[in-house]
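# Observations on chain architecture
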Amino acid sequence: MTITTAELAKAAGQAFEFLKQQPDIQEAEVFVSSNASLLTRINYTSHIPSNGVEEPKSAESYGIGIQAVFKTPQSATIGFGSEPSDLTLEGAKRALAKARQGAVRDPEFHSLPKPTGEPRTLAGYHDPKLLHVRDEELVEVGWKAVTGALRTFMASSRLADLAGSEAAIKRLGLIVGGDVTILQERVAIASTHMPGVQTDESTLIMGFLTAMVEAKDAKGSGWSTGTRLDHFTDEAGVDAATNAIHAIGGERVRSGDYTVIFGRQPVADLLNNLVLPACTASAFYSSSTPFLGKLGKPVASPILTVYDHGAMPGYMGSKGVTCEGLPTGRTDLIKNGVLAGCLTNWYEAERLLHDPKLTEKLGVEAAAARSALRPRNGFRFGVGGGRQFDCQPGASASNVVVEGAESVSPDELISRVRNGLYVGRIWYTYPINGLRAGDFTCTVVGDSFIIRDGKLVAPIKANTIRINDNVTRVLTHIAGITKEVKGTLVWAADEVVYAPEIAVTGVHMDEIAGFMEGLH
Amino acid sequence: MPSKITTDLIDGIKEMVQTLATAHARSLAHLRYADLRIEVAEGKAATAENGASKFSGEDYGFSFGVRVLAGERMVAPGYFGRSLGAADLAELEKILKDGLKAAYRRAMANGELKATVREKFGSLGDSLMDTRLHPIAVRQEVVPAEYQIDPRNVGLAEMVSYTTDVSKQVAAVHAQLKYNFISTMTQLSRELFASSEGALIDQAFALTQGMCYVVAVADATSQELYDALGHQRGWEILEHGVNEPLIQFPTFIEFARGLAREAVDLANAPALPGTDGEVVVVTDPHYNTLVSHEIIGHPVELDRVLKMETAYAGRSWLLRNLDEHQVGRQVASPLVTAYSDPSLPGYGHYKYDHEGTPAKRVMHIEKGIFKGFMNSRQTAAIFGGDPNGHWKATDSSLVPLIRMSNTVFDRGDRDPREIIGEVEHGYYLVGHRIPSIAESRENFRISARKVYEIRSGQLGQLYRDGGIMADTRDYLMKVDAVGSDFRLYPIPNCGKGQPMQTKKLGNGGPTMRSRARLTGPVVGRLD
């Protein structure tokens, strides 16, 4: 099923012209998209029968979504409807009928999106090869990741020594899991206040692998991200297996407060589950953010800067325009420790700017708030990726970049910490008492080490410590940030975090799961 | 062929789908097995915020998915899924055939590469095996939905009015309620399953849900609470509530107003001080719903147990390898029995899973002894035991995973008032809130909506932002009382899989008593 952006643009234009002719329609927006998510899910186990590549699969959809503002004798109503698998005028009519049937009077609706004055800066950035992946290629990329890990395991003298022979290493319980995912997204949008029909086409390929030497409770991660098929290698599998081998011999650490260097995955996880939701306009509207009333005020260490940038060339989450037809771009969220802006779509920005409680919620007047509420993040991301025609825009991050004012190398940061922990992968990070409270908890599941006398001296045994802390405390106790950032993925997240490593003082850890030591 | 998508569509395509899954699929040279799943849903939804309507819609869902096991040198799986629309009806047979071919091509390529890797990687290739499915009874059956008010006959305008009114009534509960979001939905869906083995199963489900999210603010404290009232029934459950032996709800308006009152009470309550050591904790059925979900249900999913979720949802502490596991060992107090049962009512009810396996109760813990796992045909073929029917997908276009049906702690024989009354000093946790569970489910921290101090058998001070943290086995082993007040509740949003599938399922339990560390806010450490 290949539908070109030209076909999508034609469908959007045709539907929009039809909507303009309807006497009861005041404003309208047509969003047409075609998405495919091709995914090879990997499951190799040396000690349990397995398939290696467990699920070579895909999910595809295309269709048209219409948002329309209807004139009524009382006041305007707004409705949304969609129709799958039909880009003809008939499909548009069906979507419109649903929008009309469901239209409601929303007192907080002000208008459909209007140009912000910012120019579009990103176009023609996708890889055509990723738009035409054959079934065989889909399977091959999965096996490429698996064999990268298996080659690394086979070549490991450490594993052979532990097992007694190369032939016996399978008894160590080697696991390779994860996936390689290819996303193909094409959209076209026409809207009352926008200039003509706009199109956007994006592709990406990403691999996320976890490897284990399970008999030694050793886990490692590897991932690769990119926008081009010919750039995809076995890197994720090789890194995951290498890191699992490095994790052998893990030790427990005692409960207490530690200086912790959070690796890239934990930085991405903390942002995804705590910081980004706290920086979203709707969290301010509903009074559920720990940053309530703090726009323009310090919320983090002055060395921390966090921004979202959807128009960064070559970055994995980049898009040319939002799913509202507005240009993507850079939105500063935290700048030198000060809360600087929010992730928002058009609707959320407008209703917050018109909210009588704006000053209480954001901490500034409307004039100052407007620059912090630029609608650069109105996306219609479906679960598992894709820009879905059948949902209205939400506010989602794209590429989130984390930077330090005094960036150091990883070795310098470890040396500066001197005694503490390096935490490379965390899991199940939730705001355990609600987002406003900021309390969070998670467990340390791999890629982690003890720092002693300025060096990584031993791995931390996976699944033996739980972090119990508060995100506002963590943000204000940053002791250092490394210079190099890498595109980092978190399970089920929309955005890609270009994350460095960040040192934080006084992080509270609780030792857990002592009973596991004598279990088997 | 009809031009409109309704659940009645299934009647018109059943024969064609069966022929595709049998005669056509079997004509593919190296195909060993195939199944097709088609789902049609007719649903309506409405939302409101702070007393104002925000959205309403009436629409259909239509999708299909294919699984093929095939291969020349080795047998491997391949899948294909797609959403469909009214415009696809005219060419539906061709679309399904093309999907079957794509899944077959993927399985063939997968089988070939599996054989190559198996040859190339010596002993590490030994574990790469042909994909096998455990045999099941092949059935052909039609299973109707159960409801009083047909979701198709509920007027959308009526839903908008009702939902907005609930939101207004919630907002009116107290001035400290700064935000509320209310959603309602009602739908009828029909799932058709056909396999190359000859299965043809047509199941219909009604589902209705009301969801309430509230934020109460008192000074610098916000209490964000949400909860869902839901059942596999019609619109009647929102207007009249549910009064069944295992499921009880008030009307949705009372449900939502109750949650709002609770949020206000909590916003004005002190935060629970955490403890370094264990204390006596009594947990109510709603709290134990999430406990049963997180520390019983998830670790007994056999795909997770066999390491297939290592990169995502994690593994299970209950199995190291096929020779080292907890089956037959004591993992809980003799008072604890837990099982999954698709025959119970509620969100976890169904007769057949998504590979046509007749679903049945599977015992996980019987009087403290671990007994077994939820499984699928593929995992049963690896681990042993009969398939018990827990392979489920959120949508036909997605590949099923092992999911809970109704996973619960069984009832005991104690009066819950006595369980509290016997406590000299302890804490009573009421209602679940937010979980965080260790990777192999060996440790958990779950916050409660409300925590009361118990002194001399009486409930005292109410606390906010509290919960418990414990190692799973230790907590289960220390259970010393189990109540007779068993309840089932809906879990509307369980996430698992890649891409993430969010699924509705059922959990529950009675009042229970054990020991655990109390957790509270980190406020004492903020500076």
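Residues numbered from 1 in each chain as written. Chains lettered and ligands numbered in written order. Predicted model: local features only at pLDDT ≥ 70, side-chain atom pairs only at ≥ 80, totals over all residues. Heavy atoms only, no water.

## Overview of the overall build of chain A
Convention followed: Helix and strand definitions follow DSSP, with helices as H or I runs of at least four residues and strands as E runs of at least two, each counted in order from the N terminus. Using C-alpha atoms as the atom set, the radius of gyration is obtained and then compared with a globule rule of 2.2 Å times the number of residues to the power 0.38. Relative accessible area decides the class of each residue, using a 1.4 Å probe on protein chains only: under 20% of the type maximum gives buried, over 50% gives exposed, and in between gives partly exposed. Two residues qualify as a contact provided that any one of their heavy atoms is within 4.5 Å of a heavy atom in the partner residue. Method for areas: the Shrake-Rupley scheme with a 1.4 Å probe, in which residue coverage is limited to the protein chains shown. In this tally, Asp and Glu contribute negative charge and Lys and Arg positive charge; neither His nor the terminal groups of the chain are included. Working definition for charges: the position is that of NZ of Lys, CZ of Arg, CG of Asp or CD of Glu.
Looking only at helices and strands, one finds 12 helices and 23 strands in chain A. Relative to the 2.2 N^0.38 estimate, which gives 24 Å for 520 residues, the radius of gyration of chain A is 25 Å and therefore close to what a compact globule would have. Viewed in the frame of its principal axes, chain A has a C-alpha envelope of about 80 × 55 × 40 Å. Taken over 520 residues, chain A has a buried fraction of 68%. Once local pairs closer than 6 in sequence are excluded, the contacts in chain A between residues at least 24 apart make up 74%. Accessible area for chain A stands at about 16,600 Å²; split by element, carbon and sulfur atoms hold 50% of it. The positive charge centre, built from 50 side chains, and the negative charge centre, built from 58, are 2 Å apart in chain A.

## Section: the interface of chain B and chain A
In plain terms, the rule: Buried area: the accessible surface (1.4 Å probe) lost by two parts on joining, summed over both. Here, a salt bridge means any side-chain nitrogen of Lys or Arg that lies within 4 Å of a carboxyl oxygen of Asp or Glu. Put simply, Ala, Val, Leu, Ile, Met, Phe, Trp, Tyr, Cys and Pro go in the nonpolar bin, Asp, Glu, Lys and Arg in the charged bin, and everything else, Gly too, in the polar bin. Two strands are said to pair when DSSP picks up at least two bridges between them.
Across the contact, 110 residues belong to chain B and 114 residues belong to chain A. Taking both partners together, chain B and chain A bury about 9,300 Å²; carbon and sulfur atoms supply 54% of that area. One can count 13 salt bridges joining chain B with chain A. Residue composition of the side of chain B that touches chain A, grouped by class: 47 nonpolar, 30 polar and 33 charged. Pairing geometry for strand 2 (residues 52-70) of chain A and strand 3 (residues 76-83) of chain B, over 2 bridges, is parallel. Across the sheet, residue Glu 60 of chain A finds its bridge partner in strand 3 of chain B, namely Arg 82 of chain B.

## Some words on the domain arrangement of chain A
Residue and element names in this part refer to chain A. Rules: For the domains described, the bounds stem from an automatic or database domain assignment. The definition of a polar contact used here is a pair of N or O atoms within 3.5 Å, where within protein one atom must be able to donate a hydrogen and the other to accept one, and adjacent residues in sequence count solely through side-chain atom pairs.
By domain assignment, chain A separates into domain 1 (5-246) and domain 2 (256-518). At the junction of the two partners, domain 1 supplies 57 residues and domain 2 supplies 48 residues. Between domain 1 and domain 2 lies a buried interface of about 4,300 Å² when both sides are counted; carbon and sulfur atoms form 57% of it. Seen at the junction of domain 1 and domain 2, the total is 7 salt bridges. Taking the shortest distance from any N to any O, the salt bridge between Asp 217 and Lys 461 comes out at 3.7 Å. Put simply, domain 1 and domain 2 have 26 residue pairs in polar contact (both at pLDDT 80 or more) between them. At the level of elements, strand 1 (25-45), strand 2, strand 3 (77-84), strand 4 (174-191), strand 5 (198-213), strand 6 (218-226) and helix 5 (235-246) are the ones that each hand at least two residues to the side of domain 1 that touches domain 2. The element best represented in the side of domain 1 that touches domain 2 is strand 5, accounting for 9 residues. Here the side of domain 1 that touches domain 2 is composed, by residue class, of 21 nonpolar, 23 polar and 13 charged.

## Quick word on the domain arrangement of chain B
Where interface size is quoted, it is often the accessible area lost as the parts come together. All names here are of chain B. Its domain assignment divides chain B into domain 1 (9-44 + 61-145) and domain 2 (278-525). Using only C-alpha atoms to locate each centre, domain 1 and domain 2 end up separated by 33 Å. Contacts between the two partners involve 21 residues from domain 1 and, on the opposite side, 23 residues from domain 2. For the domain 1 and domain 2 pair, buried surface summed over both sides reaches about 1,800 Å², with 53% attributable to carbon and sulfur atoms. Interface area lost by domain 1 to domain 2 is led by Arg 37, His 134 and Ile 136, which between them contribute 37%. One can count 2 salt bridges joining domain 1 with domain 2. For Lys 351, the salt bridge identified is with Glu 141, shortest N-O distance 2.6 Å. Put simply, domain 1 and domain 2 have 12 residue pairs in polar contact (both at pLDDT 80 or more) between them.

## Examining the sheet that holds strand 9 (residues 330-335) of chain A
Residues and elements named next belong to chain A. Ordered by their spatial adjacency, 6 strands build an open sheet running 10-9-8-13-22-21, and the pairing between neighbours is mixed. Of all strands in the sheet, those with a lone pairing partner are strand 10 (338-339) and strand 21 (486-488), marking the two edges. The pairing of strand 8 (residues 304-309) with strand 9 spans 4 bridges and is classified as antiparallel. What sits directly across from Asp 308, in strand 9, is Thr 331.

## Structural notes on the nonpolar core
Applied cut-off: To qualify as a nonpolar core, a set must consist of buried Ala, Val, Leu, Ile, Met, Phe, Trp, Tyr and Cys residues joined through side-chain atoms within 4.5 Å.
In this structure, Phe 262, Leu 271, Leu 304, Leu 362, Leu 373 and Ile 467 of chain A are the most contacted members of the largest nonpolar core, which totals 65 residues. For this core, the element with the highest residue contribution is helix 6 (residues 264-278) of chain A, accounting for 8 residues. Apart from residues no more than four positions distant in its own chain, Phe 262 of chain A is found in contact with Val 267, Leu 270, Val 423, Ile 467, Pro 500, Glu 501, Ile 502, Val 504 and Val 507 of chain A. Membership of the second largest hydrophobic core comes to 60 residues, among which are Met 404, Ala 448, Val 479 and Ile 491 of chain B.

## What to know about the packing of aromatic side chains
Residue and element names in this part refer to chain B. Short version of the rule: The aromatic pairing rule takes the rings of Phe, Tyr and Trp, using the six-membered ring of Trp, and pairs them if the centres are within 6.5 Å, calling planes under 30 degrees apart stacked, those over 60 edge-to-face and the rest tilted.
Tallied over the full model, the rule gives 15 aromatic pairs over all chains. Judged by centre distance (6.0 Å) and plane angle (40 degrees), the ring pair of Phe 64 and Phe 80 falls under tilted. Here the residue Phe 64 occupies a position in strand 2 (residues 52-70), and Phe 80 occupies one in strand 3, the gap between them amounting to 16 residues. We note that Phe 64, like Phe 80, is buried. With a centroid separation of 5.2 Å and 80 degrees between ring planes, the pair formed by Phe 444 and Tyr 475 is classed as edge-to-face. Here Phe 444 is found in strand 18 (residues 443-455), whereas its partner Tyr 475 is found in helix 10 (residues 472-477), with 31 residues between them in sequence. A relative accessible area of 0% places Phe 444 in the buried class. These aromatic residues form a ring-pair network of at least three members: Phe 249, Phe 252, Phe 255 and Tyr 489.

## Brief notes about the environment of Ala 29 of chain B
Residues and elements named next belong to chain B. Relative to the elements of secondary structure, Ala 29 occurs in the loop between helix 1 (9-26) and strand 1 (31-49). Look at Ala 29 and you get exposed, because its relative accessible area is 67%. When the C-alpha atoms of Ala 29 and Ala 137 are compared, they prove to be 25 Å apart, with 108 residues separating the residues in sequence.

## Details of the side chain of Thr 7 of chain B
The residue Thr 7 of chain B is located in the segment before helix 1 in this model. With a relative accessible area of 3%, Thr 7 of chain B lands in the buried category.

## Quick notes on unusual backbone geometry
Residue Pro 499 of chain B follows Gln 498 of chain B across a cis peptide bond; omega there is 0 degrees. As for its position among the elements, Pro 499 of chain B is in the loop between strand 22 (487-496) and strand 23 (501-509). Here Ser 85 of chain A, not a glycine, exhibits a phi torsion of approximately 60 degrees, which is positive. Along the chain, the position of Ser 85 of chain A falls in the loop between strand 3 and helix 2 (89-102).

## Topic: the pattern of salt bridges
Overall, the coordinates contain 79 salt bridges over all chains when judged by the stated rule. Its salt-bridge partner being Lys 98 of chain A, residue Asp 59 of chain B comes within 2.7 Å of it at the nearest N-O pair. One end of the pair, Asp 59 of chain B, is in strand 2; the other, Lys 98 of chain A, is in helix 2, on a second chain. Among the ionic pairs, Lys 307 of chain B bridges to Glu 214 of chain A, the shortest N-O distance being 2.7 Å. Separated into two different chains, Lys 307 of chain B in the loop between helix 7 (302-305) and strand 11 (338-340) and Glu 214 of chain A in the loop between strand 5 and strand 6 make up a pair that spans both. With relative accessibility at 2%, the residue Glu 214 of chain A sits in the buried group. Because the salt bridges share partners, they merge into one network encompassing Asp 217, Arg 252, Arg 254, Lys 461, Glu 511 and Glu 517 of chain A together with Arg 320 of chain B.

## Focus on the pairing of strand 19 (residues 458-463) of chain B
All names here are of chain B. Pairing of strand 18 with strand 19, which is carried by 4 bridges, proceeds in the antiparallel orientation. Pairing of Tyr 452 across the sheet is with Leu 462, part of strand 19. Hairpin connection, strand 18 to strand 19: the antiparallel pair is bridged by 2 residues, and Ser 456 has positive phi, about 50 degrees.

## Quick notes on the pairing of strand 17 (residues 425-437) of chain B
Every regular strand shows the same layout, with side chains that alternate between the two sheet faces. Residues and elements named next belong to chain B. Of all 13 residues in strand 17, 12 are buried; the element is thus mostly enclosed. Pairing analysis gives 4 bridges linking strand 10 (residues 278-283) to strand 17, with the strands arranged parallel. Its bridge partner lying in strand 17, Val 281 is registered against Tyr 427. Inspection of the sheet shows strand 17 paired to strand 18 by 10 bridges, in the antiparallel sense. Bridge pairing links Gly 426 to Ile 454 in strand 18. Connecting strand 17 to the antiparallel partner strand 18 that follows it, the hairpin turn spans 5 residues, and Arg 441 within it adopts a positive phi of roughly 65 degrees.

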